[in-house]
Amino acid sequence: MSDLSELIEINRNIERQNEEIIRLLKKIAGEEEPSKQTDDFDVYSAMVMQSVESIGQRPPAEPNLNIPKSPDADDILNTEIDVGEVYYVEDCEIYRLSVKNNETSIDNLTGSSKSSDFNLQELIANESIKNNQSLSDATVILTKSQAAVLPQALKLCYDEGAKKVYMPWSLIPQLVGAPDVIVELLNLTFYKSDEELLEMLFE
């Protein structure tokens, strides 16, 4: 099989998985009519759901596809994180929020825009100080505001060296278009609420 054929097949598999994830989420929310699918399809549905639920609970897999990084990438996110620090992406720009001496500062590391959606990150930074525990190195937090640009945000995380990305369950349907290998490399972990995320980060 040629490289192009392999890419096409991978794309088709990703599309089928994404469609199934969306169908399952609608079913959970009670928005889908009763299905008339076969037993085989139900087995496949269960396998996909189990796969989604276990994302982030396994180490990143070895990629079977080499995705080139942007030539101007600086590996910004591949760094040690101090207590009270949180890295996040907003509108495809990388920010570092720091809380020191009860003062919050926010630095845009890739552009000049100001952040407007940092309540969760500030909460995490304060919890980090309270527990005297930093986040794992190369960790990024995403929020619901990234829904419109999620594939680009994930590509940015990959380009800049992120090793673990936390994002809300509500963004799963937006993974359509994100290369499967990036999902694996970033070791995506999904959270259902701010409280659940804090438990994950500081358990």
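Our structure's up above, just so we're on the same page.
What you see is a predicted model, and the numbers here were worked out from it, not measured in a lab.

Asker: I tried to follow the overall build of the protein chain on my own but got confused; where do I start?
Answerer: Across its full length, the protein chain carries six helices and six strands. For the protein chain, the succession of helices and strands along the chain, N to C, is α-α-β-β-β-α-β-α-β-α-β-α. In the protein chain, buried positions account for 37% of the 203 residues. For the protein chain, contacts bridging at least 24 residues in sequence account for 66% of all contacts bridging at least 6. For the protein chain, the exposed area adds up to about 11800 Å²; of that, 47% sits on carbon and sulfur atoms.

Asker: Where do I start with helix H4 (residues 150-159) in this structure?
Answerer: An α-helical segment advances 3.6 residues per turn. Residues three or four places apart therefore align on the same side. Across the ten residues that make up H4, a large majority, seven, are buried. Regarding H4, the residues found buried are Leu150, Ala153, Leu154, Leu156, Cys157, Tyr158 and Asp159. Following H4 by one or two positions, Gly161 has its phi on the positive side, about 90°.

Asker: What is the right way to look at a negative patch on the surface in this model?
Answerer: Judged by side-chain charge, Asp194, Glu195, Glu199 and Glu203 come together as a negatively charged surface patch. Looking at where Glu199 falls in the secondary structure, it is placed in helix H6 (residues 194-201).

Asker: Just to check I follow, could you spell out unusual backbone geometry for this structure?
Answerer: Trans is the common state for peptide bonds, and a negative phi is the common state for residues other than glycine. A positive phi angle, near 60°, is found at Cys92, a position not held by glycine. Among the secondary structure elements, Cys92 is positioned in the loop between strand S1 (85-90) and strand S2 (93-100). Given a relative accessible area of 27%, Cys92 falls into the partly exposed group. One non-glycine residue, Asn102, lies in positive phi territory at about 65°. For Asn102, the location among the structural elements is in the loop between S2 and strand S3 (103-108).

Asker: What is the right way to look at the packing of aromatic side chains in this model?
Answerer: Counted by the stated rule, this structure contains two aromatic pairs. Here Tyr88 and Tyr95 contribute two aromatic rings whose centre-to-centre distance is 5.4 Å and whose plane-to-plane angle is 20°, an arrangement assigned as stacked. This pair shows no difference in class: Tyr88 is buried, exactly as Tyr95 is. When the centroid spacing of 5.9 Å and the interplanar angle of 50° are considered together, the rings of Trp169 and Phe190 count as tilted.

About the cut-offs
- Sequence order as written defines the numbering, with residues in each chain counted from 1.
- Totals for whole chains, interfaces and linings use all residues, but because this is a predicted model, local features are given only for residues with pLDDT of at least 70 and pairs of side-chain atoms are given and counted only at 80 or more.
- Each side-chain value is worked out from all heavy atoms of the structure, with water and hydrogens disregarded.
- A run of H or I in DSSP counts as a helix once it spans at least four residues, and a run of E counts as a strand once it spans at least two, with each numbered from the N terminus.
- Any residue under 20% of the maximum accessible area for its type is buried, any over 50% is exposed, and the rest in between are partly exposed; the area is computed with a 1.4 Å probe on protein chains only.
- In what follows, a contact means two residues having at least one pair of non-hydrogen atoms within 4.5 Å.
- Only the protein chains shown count as cover for residues, and all accessible areas are computed by the Shrake-Rupley method using a 1.4 Å probe.
- Only residues whose relative accessible area exceeds 30% and that take part in no salt bridge are eligible for patches, with like-charged residues grouped when within 9 Å of each other and nonpolar side chains (Val, Leu, Ile, Met, Phe, Trp, Tyr) grouped when within 5 Å.
- Any carboxyl oxygen of Asp or Glu that lies within 4 Å of a side-chain nitrogen of Lys or Arg is treated as forming a salt bridge with it.
- When charges are counted, Lys and Arg are positive and Asp and Glu negative, with His and the chain ends excluded.
- We put the charge of a Lys on NZ, of an Arg on CZ, of an Asp on CG and of a Glu on CD.
- The criterion for an aromatic pair is that two Phe, Tyr or Trp rings (for Trp, the six-membered ring) have centres within 6.5 Å, with stacked assigned to planes under 30 degrees apart, edge-to-face to planes over 60 apart and tilted to the rest.

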